Amino acid sequence: KQWYQRRVAITAGEFVRDTSYKAGQKIVQIYADCAINLFLPRLENGLFNDNHRIRLASCCLLGDLLYKIMGVSGKQSTVSADEDDNFGTDETKKIIIEVLGKERRNRVFSGLYMARSDVALQVRQAALHIWKIVVSNTPKTLKEILPVLIEMILSCLASEVYDKRSVASRTLGDLVKKLGDRILPEVIPILEKSLSAEDFTQRQGVCLGLSEILSATSKDQVDVYSASLLPAIRKALVDTHAEVRSSAASTFAALHNVLGSRALDEILSPLLKMMETLEGEEADNLIDALKEIMTAKSRVVLPYMVPKLVQKPVNIAALASLSSVANDALHDHIDLIIRSVVQGLCDLEDKEAMIELEHGKAIVTSIRDENGHSKMLDTLESLATSEDPKTRRYCAYLL
């Protein structure tokens, strides 16, 4: 019956949803003492439903059930400066454990804590209000439920539903802020192993989780786990699936925010070396990864990569791919890139040069603003006066 009422809440108007919820509240009030085993599994599952209205209804009804167990109304204000202020007591904690048992309490509280990071504002607000009332000490409670909570987070990171992965990664970041060194040794090895999962959504979820971890940790903490983190990020950046590479680029951006230039040396330098040996689809995946990184951090990445890519033999294809996403960050490097491209074409046999020339044209056409055009034309005009006929020839093509 309660399940049916939650289903009605999806499609009906506001009045019907409100009536359905009130009916659910009444059922909880009447049968809470004798039907907990029937209520809880449905409410726990509802917290992770794809529809935000079901998540909200499940969260609120779960709160009503916990209030009934504790013997409180749940109507008091919980507005405070700190989201981890608590209004529960040790006595109510004992009551909940006596009624639910420790294992079920841990599951319920883990789901409730994850709901605090829900993508829907109403769900977040409801979960935070309930958490403050039923929990007496947030850090202590988190330590008690940590194994179950980590298991739930990892399960959601592997979900095919993006919202679930997003909620899990947010929760993970929040946990790292609160518990830091307590959680990192347990989570990072599991995430690293999950990057080998066959399901790409799980690998993408790992990248989201790593991004949140990096955003919540200090430089010293990252240094401690860098031996595991850095290879994991490099592996994700050359993943076979585009969505994983895109998420991994965001992870790299978070890493750079913490480590600065060291992230360039530890991540980009090995990737550029890989470019010398990879071929076919693997090479395409690597270039796509560099494009994703450029999109996230063009002004930082481009000055690092251009000098390496223009070394002989000039990688014109890679320069073309990166130029397409560099935008105005390309301006300071136009002269060097154009000169290197022309020289690179001159160093090739005619047949091969004509193939690479298409990449050179892509670089030229990627420059779209007046300032960039002016710099490019100045460089090409200068090269067009060269005594080398090949140089003049390829300048003419690019012009």
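Anything mentioned here points back to the structure above.
Residues numbered from 1 in each chain as written. Predicted model: local features only at pLDDT ≥ 70, side-chain atom pairs only at ≥ 80, totals over all residues. Heavy atoms only, no water.

**Brief notes about unusual backbone geometry**
What you tend to see is this: most non-glycine residues have negative phi, and most peptide bonds are trans.
Item 1. Omega for the peptide link from Lys-312 to Pro-313 comes to -5°, which places this bond in the cis form.
Item 2. Looking at where Pro-313 falls in the secondary structure, it is placed in the loop between helix 15 (280-309) and helix 16 (316-326). (Helix = DSSP H or I, 4+ residues; strand = E, 2+ residues; numbered from the N terminus.)

**Details of the nonpolar core**
Item 1. Val-134 and Leu-268 are the most contacted members of the largest nonpolar core, which has 125 residues in total.
Item 2. Counting residues per element, this core draws most heavily on helix 15, which supplies 12 residues.
Item 3. The contacts of Leu-268, once residues within four sequence positions are left out, are Phe-252, Ala-263, Leu-290, Ile-293, Val-301, Tyr-304 and Met-305. (Core = buried A, V, L, I, M, F, W, Y, C linked by side-chain atoms within 4.5 Å. Buried < 20%, exposed > 50% of the residue type's maximum accessible area, 1.4 Å probe, protein only. Contact = heavy atoms within 4.5 Å.)

**Remarks on the pattern of salt bridges**
Item 1. Overall, the coordinates contain 14 salt bridges when judged by the stated rule.
Item 2. Where Arg-203 meets Asp-239, a salt bridge forms, and the shortest distance between an N and an O atom there is 2.6 Å. On the criterion of sequence distance, the pair formed by Arg-203 in helix 11 (residues 200-216) and Asp-239 in the loop between helix 12 (219-237) and helix 13 (242-259) is long-range, its members being 36 residues apart. There is no split in this pair, since Arg-203 and Asp-239 are both buried.
Item 3. One connected set of salt bridges, linked through shared partners, spans Lys-219, Asp-223, Arg-262 and Glu-266. (Salt bridge = Lys/Arg side-chain N within 4 Å of Asp/Glu carboxyl O.)

**Some points on the side chain of Ser-110**
Item 1. Structurally, Ser-110 can be placed in helix 6 (residues 102-115).
Item 2. For Ser-110, a relative accessible area of 0% gives the class buried.
Item 3. Once you skip the residues sitting within four places of it in the chain, Ser-110 turns out to touch Ile-145, Val-148, Leu-149 and Met-152.

**Some thoughts on the packing of aromatic side chains**
Item 1. Inspection of the entire model under this criterion finds 3 aromatic pairs.
Item 2. Put simply, the rings of Phe-109, Tyr-113 and Trp-131 pair up and form one aromatic cluster.
Item 3. Here the guanidinium or amino end of Lys-308 rests over the ring plane of Tyr-304, the centre of that ring lying 5.0 Å away. (Phe/Tyr/Trp six-rings, centres within 6.5 Å; stacked < 30°, edge-to-face > 60°. Lys NZ or Arg CZ within 6 Å of the ring centre and 35° of its normal.)

**Some remarks on the packing of helix 12 against helix 13**
Item 1. Helix 13 packs onto helix 12 with a crossing angle of 155° between their chain directions and a minimal axis gap of 11 Å. By the angle between their axes, helix 12 is roughly antiparallel relative to helix 13. Crossing hand, helix 12 versus helix 13: left-handed. Two secondary-structure elements touch here, helix 12 through Lys-219, Val-222, Asp-223, Leu-230, Ile-233, Ala-236 and Leu-237 and helix 13 through Val-244, Arg-245, Ala-248, Ala-249, Thr-251, Leu-255, Val-258 and Leu-259.
Item 2. Residue composition of the contact of helix 12 with helix 13, by class: 11 nonpolar, 1 polar and 3 charged. (Axes fitted to C-alpha atoms, helices over the stretch in contact; angles between N-to-C directions. Parallel < 35°, antiparallel > 145°, perpendicular 65-115°, else oblique. Left-handed = near helix turned anticlockwise from the far one by under 90°. Nonpolar A, V, L, I, M, F, W, Y, C, P; charged D, E, K, R; others polar.)

**Quick word on helix 3 (residues 36-46)**
Item 1. Looking only at helix 3, the buried set comprises Ile-36, Phe-39, Leu-40, Leu-43, Glu-44 and Gly-46. Along helix 3, the residues classed as buried sweep out an arc of 155° about the axis, all on the same side. Turned more than 90 degrees away from the buried face of helix 3, the exposed residues are Asn-37 and Asn-45. (Arc of directions from axis to C-beta.)

**What about helix 10 (residues 184-194)?**
Item 1. Those residues of helix 10 that sit buried are Leu-184, Val-187, Ile-188, Leu-191 and Ser-194. Across the axial projection of helix 10, the buried residues extend over an arc of 125°, all falling on one side.
Item 2. Lining the buried residues of helix 10 we find helix 8 (138-157), helix 9 (162-179), helix 11 and helix 12.

**Looking at the state of the cysteines**
Think of a disulfide as a covalent bridge from one cysteine sulfur atom to another cysteine sulfur atom.
Item 1. Counted by the stated rule, this structure contains 0 disulfides.
Item 2. With no disulfide of its own, Cys-395 has Cys-346 as its nearest cysteine by sulfur position, at a separation of 7.9 Å.
Item 3. The exposure class assigned to Cys-395 is buried, which follows from its relative accessible area of 0%. (Disulfide = S-S within 2.5 Å.)

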